[in-house]
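Report on the structure
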Amino acid sequence: MTSSDRPLLNRRLAEFGTTVFAEMSALALRTGAINLGQGFPDTDGPEEVREAAVRALRDGRGNQYPPGPGIPELRTAIAAHQQRRYGLSVDPDTEVLVTAGATEAIAASLLALVEPGDEVIALEPYYDSYAACIAMAGGTRVPVTLRPGEGRFRLDLDELRDAVTDRTRLLLINTPHNPTGTVLTREELASIAELAVERDLLVVTDEVYEHLVFDGAEHIPLASFPGMRDRTVTISSAGKTFSFTGWKVGWITASPQLVRAVRSAKQYLTYVSAGPFQYAVAEALALPESYFTGFRADMLAKRDVLAAGLEKAGLTVYRPSGTYFITADIRPLGETDGIAFCRALPERAGVVAIPTAVFYDHREMGAPFVRFAFCKRADVLREATARLSGLRDRT
């Protein structure tokens, strides 16, 4: 094969085209549909946090390259958050690394910790960057499917254990889980921890929705379980908690050895980012508990508005215990292909959703499910449910 015959795209990325989020957002723009696909709020977060960013800009803080690991104020605030929330003692100087959002944290962690031939187990359906990052690292993706039952998507712990082989390097865990809204229970997390210790596995946990849990669900960091402190990379970010997704401020907390490894990869990705915003996020993490309580209550009310509307439209709804997404089953409408359903929905009802099948290796498992985001203004959600109300009549 000559160079002119060789495809331009690295073969590891050959299976990945334009993301479904870009496709559906473009469809929303073209049709004027309400975009309940991509997960970003349609209002800004707290005014005092935005003003903190303005102050930093005006005071010249962060306008030049910030320190590679992140500014000390933010690393200290992250460590204080982990101690206050979860009783996890984290050294801000050696056990915290600030990243360009959680997406870079995931990429840097996988590029640092996974070598060609290593197997990475991910819970399916999974956020689409997981698959791409595993591929870029040369790893082999091994999906373990969350299956619907009793009103939620559940992890089969026996299936997880059976998926581990001598080639398994790492478990990639996401809780609260996007897109299903499942929050892994203490018992499930304890079993995952026991498995990781028994088989000497590394674990990367994506916990960006840690402050969005409902109905008595509890977010518990996997790093807090016995034997997990030195084998877990915990990832979170400011975007989902404070509604400033465009700032792209994320972080990892981990043992010094793991932080050094991830930093070795991260420094050749963005190196540093979001200088002034780091100062603002440091202040955001110190907001009083009333902010977090109010934020969660607001999202819960929005969840219930959208869930009721989807049920009225004839879909089977899995009310999430976490995140700001709802998964719905379209089969009661006589539909079985979520991708075709979502491509037709803007013209049919003036609403955009995401087909969940794109987050599966086993596409048939996700075929009848679609994901709706409820991180929008209440009036927007009410208008969307009004538009969707006629779906049952048009089947």
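Conventions we followed
Residues numbered from 1 in each chain as written. Predicted model: local features only at pLDDT ≥ 70, side-chain atom pairs only at ≥ 80, totals over all residues. Heavy atoms only, no water. UniProt positions renumbered as here; feature names shortened; annotations may be inferred. Helix = DSSP H or I, 4+ residues; strand = E, 2+ residues; numbered from the N terminus. Patch = residues over 30% accessible without salt bridge, like charges linked within 9 Å, V, L, I, M, F, W, Y side chains within 5 Å. Areas by Shrake-Rupley, 256 points an atom, 1.4 Å probe, with all protein chains shown as cover. Salt bridge = Lys/Arg side-chain N within 4 Å of Asp/Glu carboxyl O. Buried < 20%, exposed > 50% of the residue type's maximum accessible area, 1.4 Å probe, protein only. Expected span 1.5 Å × (residues − 1). 1 Å grid on protein atoms, 1.4 Å probe; cavity = no way out; pocket = protein on both sides within 12 Å on 5 of 7 lines; lining within 4 Å. Points joined across faces, edges and corners; volume = space filled by probe spheres on them. Nonpolar A, V, L, I, M, F, W, Y, C, P; charged D, E, K, R; others polar. Contact = heavy atoms within 4.5 Å. Polar contact = N/O pair within 3.5 Å; in protein donor to acceptor, adjacent residues only side chain to side chain. Pairing = 2+ DSSP bridges. Axes fitted to C-alpha atoms, helices over the stretch in contact; angles between N-to-C directions. Arc of directions from axis to C-beta.

Going by an unreviewed UniProt entry, the protein chain carries the name Pyridoxal phosphate-dependent aminotransferase and comes from Streptomyces prasinosporus. Per its UniProt entry, the protein chain bears the Cofactor (unreviewed entry) comment "pyridoxal 5'-phosphate".

Some details on the UniProt feature "domain: Aminotransferase class I/classII large" (unreviewed entry) in the protein chain
Sequence positions flagged by UniProt for "domain: Aminotransferase class I/classII large" (unreviewed entry) are, in local numbering, residues 33-382. Span residues 33-382 is 40% helix and 18% strand, its end C-alpha atoms 14 Å apart.

Concerning a nonpolar patch on the surface
Taken together, the side chains of Leu111, Met136 and Leu269 make up a nonpolar region of the molecular surface, amounting to roughly 230 Å² of accessible area. Along the chain, the position of Met136 falls in helix H5 (residues 128-137). On the basis of relative accessible area, Met136 is assigned to the partly exposed category, the value being 38%.

Thoughts on helix H11 (residues 289-312)
Taking 1.5 Å of rise per residue, the 24 residues of H11 would be expected to cover 34 Å, and the 35 Å separating its terminal C-alpha atoms lies within 8% of that figure. The set of residues buried in H11 consists of Tyr291, Phe292, Phe295, Met299, Lys302, Arg303, Leu306, Ala307, Gly309 and Leu310. Backbone geometry just downstream of H11 places Gly314 in the positive-phi region, at approximately 105°.

Points about empty space enclosed by the protein
Within this structure, the stated rule accounts for 4 cavities of 30 Å³ or more. Taken together, the residues of the lining of the largest cavity sort by class into 4 nonpolar, 4 polar and 2 charged.

Looking at the environment of Tyr324
As for its placement among the helices and strands, Tyr324 is situated in the loop between strand E11 (316-318) and strand E12 (325-329). Using a relative accessible area of 0% as the deciding quantity, one classes Tyr324 as buried. Separated by 145 residues in sequence, Tyr324 and Pro179 place their C-alpha atoms 8.9 Å apart. Not counting residues within four places of it along the chain, the set of residues in contact with Tyr324 comprises Gly39, Phe40, Pro41, Tyr209, Leu212, Lys240, Thr245, Met299, Phe372, Ala373, Phe374 and Cys375. A polar side-chain atom of Tyr324 sits 3.2 Å from the main-chain carbonyl oxygen of Gly39.

Some thoughts on the sheet that holds strand E10 (residues 250-253)
The 7 strands lie next to each other as E2-E10-E9-E8-E7-E3-E4, forming an open sheet whose pairing is mixed. Here the strands that pair on one side only, and so sit at the sheet edges, are strand E2 (96-99) and strand E4 (140-145). Pairs of neighbouring strands in the sheet enclose a mean axial angle of 20°, with direction left out of account. Pairing between strand E3 (residues 119-124) and strand E7 (residues 168-174): 4 bridges, direction parallel. Bridged to Glu119 within E7 is Thr168. Sitting on the sheet, helix H9 (residues 256-266) is in contact with E2, strand E8 (202-206), strand E9 (232-237) and E10, with an inclination near 25° to E2.

Structural notes on helix H12 (residues 338-349)
Of all the residues in H12, the buried ones are Gly338, Phe341, Cys342, Leu345, Pro346 and Ala349. Along the axis of H12, the buried residues cluster in a sector spanning 135°; they form a single face. Where H12 is buried, its residues contact helix H1 (20-31), strand E13 (351-352), strand E14 (354-355), strand E15 (369-373) and helix H14 (378-388).

Describing the pattern of salt bridges
With the rule as written, the count across this model stands at 29 salt bridges. Between Arg141 and Glu15 there is a salt bridge, with its nearest N and O atoms 3.3 Å apart. With Arg141 in strand E4 and Glu15 in the segment before H1, this pair connects stretches of sequence that are 126 residues apart. For the salt bridge of Arg319 with Glu311, the shortest nitrogen-to-oxygen distance reads 3.3 Å. With a relative accessible area of 32%, Arg319 lands in the partly exposed category. Since its relative accessible area comes to 34%, Glu311 is described here as partly exposed. Taken together, the salt bridges that share partners define one network made up of Asp215, Arg303, Asp304, Glu311 and Arg319.

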